[in-house]
Amino acid sequence: SKSDPKEAALIAQKFVDDPTIVAEIGDFSSTACLAAAPIYERAGMVQLSPTASSPLFAPSGEYMFGIVGTQTDEGPFNAKNIAQDYLGLKTVATLYINNDWGKVTNSTFVEAAKKINLNVVTEQFFMDSEKDFTAVLTKIRQLNPDGIFLAAMYNEASAIARQIQKMGWKVKLSAPSSVFSSQLIALGGDAVEGLVTNTFFVLTDPNPVVQKYIKDFEARAKRYPNLHAACAYDAAYLLAAAIEKGGLDRKAIRDALAVTKGFKGVTGAITFTAVGDVVRSYKILAVEKGEWVIKKDN
């Protein structure tokens, strides 16, 4: 779907019209998931997203499920535990991608910041196709914030960090879990050194099941799995368990997912809330010497 809402809707219609398809895993972005949701809902077919974190997604229909957690929980953690407590920020600017996910990610962070007297000096956005962030970064720099919260994916965050470095500007950076990937470091280099995010999936987890997954993933992909890959893995096994329980029936699969409690995934125990999303417990993660390092458990 390329995370394009129009493409996502067309694909959803194609899927629901095919009686041999009993459920769907995806979409990647909240924007695409929300666009497709009414189509899946009308057809009574599960849309199980590994990565949509908008708090609007799961409640949008009885057949919508998300396992990455929502910005309702992540936003306050990023504001209090990371920006204020860990980074020690007094003032912060936000820079977010102008789509459904970016807007919600920004607004939940800003609302949480206000409650803890963390001063948000400005909220700026960028478009999906944007490559040059110089103008907006110059505008932010004039306000001299202690830090910037980047509501972006790892590719955009790495580009922004490189341009901040090129400006010779020393400012603390934090971001949601969307940036937790080896690709952020590969693309950003030393420009992302010190950037802080959160996660609930860690490569150093001693659980043998998690370590086997990481080893197998690395052998096949030639890189370590990121948070999104781990959530996709869990989504596949969650759906398989629901099919095992409910059979190849769209409603039975939905009913089986809805009562999931304590499912043991590589991202931790998964229990769906009444609306079909998951409450996560986060850890603080930072880039140090070109590596992701766990700094503090919640």
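Report on the accompanying structure. (Residues numbered from 1 in each chain as written. Predicted model: local features only at pLDDT ≥ 70, side-chain atom pairs only at ≥ 80, totals over all residues. Heavy atoms only, no water.)

For strand β4 (residues 91–97) and strand β5 (residues 119–126), the ladder comprises 7 bridges, and the chain directions are parallel. Of the residues in β5, the one forming a bridge with T94 is E123. For the crossover that starts at β4, traverses helix α4 (residues 100–115) and ends in the parallel β5, the hand is right-handed. (Pairing = 2+ DSSP bridges. Helix = DSSP H or I, 4+ residues; strand = E, 2+ residues; numbered from the N terminus. Right-handed = clockwise from strand over helix to strand, strands pointing away.)

According to the stated counting rule, one finds 5 salt bridges in the structure shown. Between D216 and K212 there is a salt bridge, and its shortest N-O distance comes to 2.7 Å. With D216 and K212 both in helix α8 (residues 208–221) and 4 residues apart, the pair spans about one turn of that helix. The class for K212 is exposed, based on a relative accessible area of 52%. (Salt bridge = Lys/Arg side-chain N within 4 Å of Asp/Glu carboxyl O. Buried < 20%, exposed > 50% of the residue type's maximum accessible area, 1.4 Å probe, protein only.)

If you walk across this open sheet you meet the 3 strands as β1-β2-β3, and the pairing is parallel. At either end of the open sheet lies a strand with only one pairing partner, and these are β1 (23–25) and β3 (64–66). Each neighbouring strand pair of the sheet contributes to a mean axis angle of 15 degrees, computed without reference to strand direction. Here β1 pairs with strand β2 (residues 46–49) via 3 bridges, running parallel. Directly across from E24, in β2, lies its bridge partner Q47. Running over the sheet, helix α9 (residues 227–246) touches β1 and β2 and is turned about 165 degrees from β1. (Axes fitted to C-alpha atoms, helices over the stretch in contact; angles between N-to-C directions. Contact = heavy atoms within 4.5 Å.)

A few words now on empty space enclosed by the protein. As enumerated under the stated definition, the model contains 2 cavities of 30 Å³ or more in all. The computed volume of the largest cavity comes to approximately 120 Å³. T51, S53, W101, S178 and H228 are the residues nearest the centre of the largest cavity, which is lined by 15 residues in total. Grouping the constituent residues of the lining of the largest cavity by class yields 6 nonpolar, 8 polar and 1 charged. Every residue lining the second largest cavity is listed: A52, S54, F57, A58, G66, I67, V68, G69, T70, D277 and V278. (1 Å grid on protein atoms, 1.4 Å probe; cavity = no way out; pocket = protein on both sides within 12 Å on 5 of 7 lines; lining within 4 Å. Points joined across faces, edges and corners; volume = space filled by probe spheres on them. Nonpolar A, V, L, I, M, F, W, Y, C, P; charged D, E, K, R; others polar.)

Another point: the packing of helix α1 (residues 5–16) against helix α2 (residues 30–43). Put simply, α1 and α2 touch, their axes get as near as 8 Å, and they point 25 degrees apart. Between α1 and α2, the crossing angle belongs to the class labelled roughly parallel. Considering the relative orientation of α1 and α2, their crossing is right-handed. Across from P5, A8, A9, A12, Q13, F15 and V16 in α1, the residues of α2 making contact are T31, A32, A35, A36, I39, Y40 and A43. Along the lines of polarity and charge, the residues of the contact of α1 with α2 split into 12 nonpolar, 2 polar and no charged. (Parallel < 35°, antiparallel > 145°, perpendicular 65-115°, else oblique. Left-handed = near helix turned anticlockwise from the far one by under 90°.)

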